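# Results of the structural survey
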Amino acid sequence: MWVSDLIAGLVLIGVGLWAWPARRATGALLALTGIGWFAGSVESVALYWHRGFLMHLLITYPGWRPRTGGAAAVVVIGYGLALSPIWHDDLAAIGLSSLFLLVMVTERARTGRRLRAVAQRAGIAFGGVVAAAAAARLLVPSGGAAVPVLLAYEAVLGVLAAGLAAGIRWRGGPAVTDLVVDLTEGRPGSLRDALARALGDPSLQFGYWQPSPGRYADWAGEPIAVPRGGAEQSVRFISRNAEPFAVLIHDPAALHDPALSAAVEAAIKLSASNATLNAQLRSLADEVAASRRRLVRAGDEEQRRLEQRLHTGPQWRLSRVRELLRTAGPGPQTGQAPALHRAQRQLEQAVEALTALGRGLYPRELDDGLAGALRALADRSGVPVRLRVPAGRFPAEVEAAAYFLCSEAVANVEKHAAASVAVIEIDERAGGLAIVVSDDGAGGADVARGRGIAGLVDRIEALGGRLTVESPRERGTRLVARIPLQHVS
């Protein structure tokens, strides 16, 4: 049996040395567990010393300091039990191992999920093998189970120790290093939560330096009280370009490895750079959206001015000439009457064309509100139009976009749909204006080839809205638009 004893002790010390660079506390306690194991091979009084170090590690993993008073009491009791002969009593061993599992599960609930799972699996393995060994000795009092039980116990200790070491060597460092690459969640506080999970320290606090108030604050802008540091908490100040940048307040056992510390600092700095870039992109997107709205507003104003110039200039003059011809009547030579009538008809047609042109540029009825402008549109339409429009006023560019959408839709119904009726419904809901124009025509509209609708899509999207068209064949066409009112200022 001395060969298996030797292998078990060497495995414990070996994995402790392997874990030392990543987390000194874990490495030291594993190595001490191995030393305690060898001490028990030399002196029977030290047979269970290794269990004191192992219970300490399982309670405080990945550090060495108990997080609560209850955990500290369990660690002290564990060492006391290791020095006493109580583990020789199989019934007591079963009870103590079960109680240890219960306490450990309760205490590990205070740690990060990943490291809690590692420690709990190791604790279950330890408690289970101790209870199983004691039960086997009770069931086989002749001692026939002693060798298999000892071999199983040594095997579980080796696997347990390797798992605890691997938990910080293979998962602790890379978990933080991965943050340097994957910082695209964009959720407030996500970096702090990810660091807390990776380091197994739910008490971790993280804040950026605010120069104007001269303090550190978290992602929500709440000030962070920076302690002096000590046994309870460690404080790590992070600088950038020789200026204060961030602060990390954490469990002293969470950051011992220099490579791990460097990865954490890199993650924090890159997170800040990522946040700055995202803010700049959002600012640019806001500027582009505002520019599009200004262009729409400026275009509407220019069309309004042009319509006014047409109305007060050429259209007014032609109307005056038409009235003069009407009042003049035919001259002494009756042969002039047909020519005079033709001139009157041509003048009337020119006036009507100018009126339609001005209405296409900017309908004068919109000055009195969207409802009145749409009623006038319905009166002029060659297809019956049913209206359901609120009487209130909206921002000018929203009213213009809604009117031109309805005008283009009604014009398409007249030209292509062969419909018996068109319906215009407008509602204000959820902070926006909902516009629905539908007909009972032939459907099958090809929106991609329609320049008018394409231009309206650009206009509505410039106001932060959206336009969709549904046009199944033989089932009519339905245009649905929504323009958010809060985006328009």
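Basis of the calculations
Residues numbered from 1 in each chain as written. Predicted model: local features only at pLDDT ≥ 70, side-chain atom pairs only at ≥ 80, totals over all residues. Heavy atoms only, no water. Axes fitted to C-alpha atoms, helices over the stretch in contact; angles between N-to-C directions. Helix = DSSP H or I, 4+ residues; strand = E, 2+ residues; numbered from the N terminus. Parallel < 35°, antiparallel > 145°, perpendicular 65-115°, else oblique. Left-handed = near helix turned anticlockwise from the far one by under 90°. Contact = heavy atoms within 4.5 Å. Nonpolar A, V, L, I, M, F, W, Y, C, P; charged D, E, K, R; others polar. Expected span 1.5 Å × (residues − 1). Buried < 20%, exposed > 50% of the residue type's maximum accessible area, 1.4 Å probe, protein only. Arc of directions from axis to C-beta. Phe/Tyr/Trp six-rings, centres within 6.5 Å; stacked < 30°, edge-to-face > 60°. Polar contact = N/O pair within 3.5 Å; in protein donor to acceptor, adjacent residues only side chain to side chain. pLDDT = per-residue confidence, 0-100.

Moving on: the packing of helix α3 (residues 49–60) against helix α4 (residues 69–83). Contact geometry of α3 with α4 gives a least axis separation of 7 Å together with a crossing angle of 165°. The orientation of α3 relative to α4 falls into the category roughly antiparallel. Handedness of the crossing formed by α3 with α4: right-handed. Packed against α3, whose contacting residues are W49, G52, F53, M55, H56, I59 and T60, the element α4 presents A71, V74, V75, G78, Y79, A82 and L83 at the interface. Its residues assigned to classes, the contact of α3 with α4 comprises 10 nonpolar, 4 polar and no charged.

Another aspect to go through is α4. Taking 1.5 Å per residue, 15 residues should reach 21 Å; α4 reaches 21 Å between its end C-alpha atoms and fits that length. Of the residues making up α4, those classed as buried are A71, V74, V75, G78, L81 and A82. Projection of α4 onto a plane perpendicular to its axis shows the buried side chains occupying an angular sector of 130°, all on one side. Those residues of α4 that are exposed and aimed more than 90 degrees away from the buried face are G69, V76, I77 and L83.

One pass over the structure, following the stated rule, counts 9 aromatic pairs. Residues Y48 and W87 carry aromatic rings whose centres are separated by 6.5 Å and whose planes lie at 40° to one another, so their mutual orientation is tilted. In this pair, Y48 sits in the loop between α2 (24–42) and α3 while W87 sits in the loop between α4 and α5 (90–108), placing the two residues 39 residues apart along the sequence. Overall, W87 belongs to the buried group, its relative accessible area being 2%. Consider the rings of W209 and Y216, whose centres lie 4.9 Å apart with planes at 65°: the pair is edge-to-face. By relative accessible area, W209 is classed as partly exposed at 28%.

Attention now goes to the packing of α2 against helix α7 (residues 146–169). Remark: α2 packs on α7, axes separated minimally by 10 Å, with the N-to-C direction vectors making an angle of 165°. Taken together, the axis directions place α2 and α7 in an arrangement best described as roughly antiparallel. Our pair here, α2 against α7, has a crossing hand that is left-handed. Along its contact with α2, which presents T26, L30 and W37, the element α7 presents L150, Y153, E154, L157, A161, L164, A165 and I168. Partitioned by chemical class, the residues of the contact of α2 with α7 number 9 nonpolar, 1 polar and 1 charged.

Here D90 shows up in helix α5. A residue is classified by how much of its surface remains accessible, and D90, at 13% relative accessible area, is buried. Filtering out sequence-adjacent residues up to four positions away, D90 remains in contact with A134, R137 and L138. Side-chain polar atoms of D90 contact the side chain of R137, separated by 2.9 Å.

The subject of this paragraph is the confidence of the model for the chain. Put simply, the chain has an average pLDDT of 79, and 76% of its residues get 70 or more. Note on residues 181–186: pLDDT is under 50 here. Beyond four places in sequence and across chains, it has 6 contacts.

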